[in-house]
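# Report on the structure
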Amino acid sequence: MKWMALRRALIPLAAAALLLSACRSVPTIVPDDGKTVYTGTLRLGLRSYVTPSGPYPVQRGNKGVLLSRSEAFMAKYPGVQIEVEVVHFERDFPKMLADPGLMPDILQLTPNEARLFMLPHIESLADRIEDDAAWEGDYATLIDYLEIGGEAYLLPFTSDPALVFYRKDVFEELGLPEPRDGWTYGEYAAIARPLADEGYVVTHTDALNDMEPFIRGFGGTLASSDGTEVSGYLDSEATAAAFMQFAGMIPESRVWKPEDPRYYSAMATIRASRGLAGIVNYPYGVAPIPSDLEGKRHNNTLMTGLAISKTTAQPELAWEYMKFLMGDSSDEAIDFVVNNTLERQHLETRIGHKPVYEEIKSWMKHEIAQSPPAAFDFLWYGDVHEYSLYPRHIFPKRTLTQLRTYTDIETARADLALWAKEIEAYMDLLAGMGAGGG
């Protein structure tokens, strides 16, 4: 593994970042009747599937709670302009690591992107949060989830838990009980089988991060507690048994043409923001994922947070803006995270007018407060296999079809050992990029 090499390579860059920070122009901060007046342009580095060139005003291409809160901030401080830059891992991270002065003032990061690449280049937020923020309760829990080495560097910005979507019309037709809070894996299997027998589709994605809640619920362990070692954990006997149990619980479904009503999933376990095909046309309900026999749910989330660059000349303005986005209470901050997560995936455009949208938000608020980040959420788009801009950084996968070939523990362990090596090679590739190896 190259983690120590990565950290050694980044230390000199951190020193360079401090020098560059001293060279940047500082915005005007003028006391006025006891109030602080900020002026200047604040650059916000966000993740997106589109790649417009150069910074652009926050009013372009952004909407919902991020836009409304940004406009309110600029109205409060008329001398401030918020600009957005789209940041991609492979295109932009090597440039920023080589020249930290290219970093935006604020950068959206996954926890692993922060931990493995940007930690020497971002400010600790611990003192600011302790001295200057009133968030308690659930939002404080989210902050804790994103801590690195027990310290806060990221302010939670998005959080996307797994949820179960189900067609109420199909469940009523077949006389099946609707999923509910506290339902078990056994109840899930007892519902999934008759759905498949009747020709309906039961969906679960092939992403390991999406399988993780079930594997952990069945007693498996994907990696060491610090996330750096996979071999010996992913291919353990207990984890192999968990994968076999998981694969046996998800029945194979027939493939239908889009004009057939059975084409649309009757039950699907997906991320809250993804939105199902057919959710506009069919009456879908929303439920949490199943619990184990002790009533514990092992959900996870795909999280990002906002970090302040050490090279910014305006850290106080950056922090003031980040605080303003989240609001003055935990409830306001959780509302921001939930709405922003869905709006950045444009789900409100499709179904914002339907009751199911409020169901999704309600369950998200419940789930994100008790679900840690996914173990292998390394890159923002790492599980999006359709997104081929940078295909070599797609996380290694095993499909459900492949998992169903695990006929015994030893067969499962042999393939899981190979998968573990593929994941560790992927992690080494990222470490090499961070160290300048590209």
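Structure: above.
Predicted model, so just to flag it, every value in this text is computed and none were measured.

### Some words on the overall build of the chain
From N to C terminus, the chain includes 16 helices and 10 strands. Counting all 438 residues of the chain, 55% fall into the buried class. Contacts in the chain between residues far apart in sequence, at least 24 positions, make up 79% of those at least 6 positions apart. Here the chain displays about 18100 Å² of accessible surface, and carbon together with sulfur accounts for 52% of that area.

### Regarding the pairing of strand β10 (residues 301-308)
Counting buried positions along β10 yields seven of eight residues, so the element is predominantly enclosed. Note: strand β5 (residues 106-109) against β10, four bridges, orientation antiparallel. Note that in β10 the partner of Leu-109 across the bridge is Gly-305.

### Notes on the environment of Lys-296
Along the polypeptide, Lys-296 turns up in the loop between β9 (284-287) and β10. By relative accessible area, which is 48% here, Lys-296 ends up partly exposed. Between the C-alpha atoms of Lys-296 and Gly-182, which are 114 residues apart in sequence, the distance is 8.1 Å.

### Points about the packing of aromatic side chains
To describe a pair of aromatic rings, you give the distance between the ring centres and the angle between the ring planes. Counted according to the given criterion, the structure contains 22 aromatic pairs. Plain terms: the ring middles of Tyr-188 and Phe-214 are 5.9 Å apart, the flat faces sit at 70 degrees to each other, and that makes the pair edge-to-face. Pair noted here: Tyr-188 is in helix α8 (residues 185-197) and Phe-214 is in helix α9 (residues 208-217), with a separation of 26 residues, a long-range link. Accessibility classification places Tyr-188 together with Phe-214 in one group, the buried group. A network of ring pairs unites the aromatic residues Trp-183, Tyr-185, Tyr-188, Phe-214, Phe-218 and Phe-246 as a single cluster. Sitting above the plane of the Tyr-282 ring, Arg-167 keeps its charged end 4.0 Å from the centroid. The lysine or arginine in question, Arg-262, covers the ring of Trp-256, its NZ or CZ lying 3.6 Å from the ring centre.

About the criteria used
Residues numbered from 1 in each chain as written. Predicted model: local features only at pLDDT ≥ 70, side-chain atom pairs only at ≥ 80, totals over all residues. Heavy atoms only, no water. Helix = DSSP H or I, 4+ residues; strand = E, 2+ residues; numbered from the N terminus. Buried < 20%, exposed > 50% of the residue type's maximum accessible area, 1.4 Å probe, protein only. Contact = heavy atoms within 4.5 Å. Areas by Shrake-Rupley, 256 points an atom, 1.4 Å probe, with all protein chains shown as cover. Pairing = 2+ DSSP bridges. Phe/Tyr/Trp six-rings, centres within 6.5 Å; stacked < 30°, edge-to-face > 60°. Lys NZ or Arg CZ within 6 Å of the ring centre and 35° of its normal.

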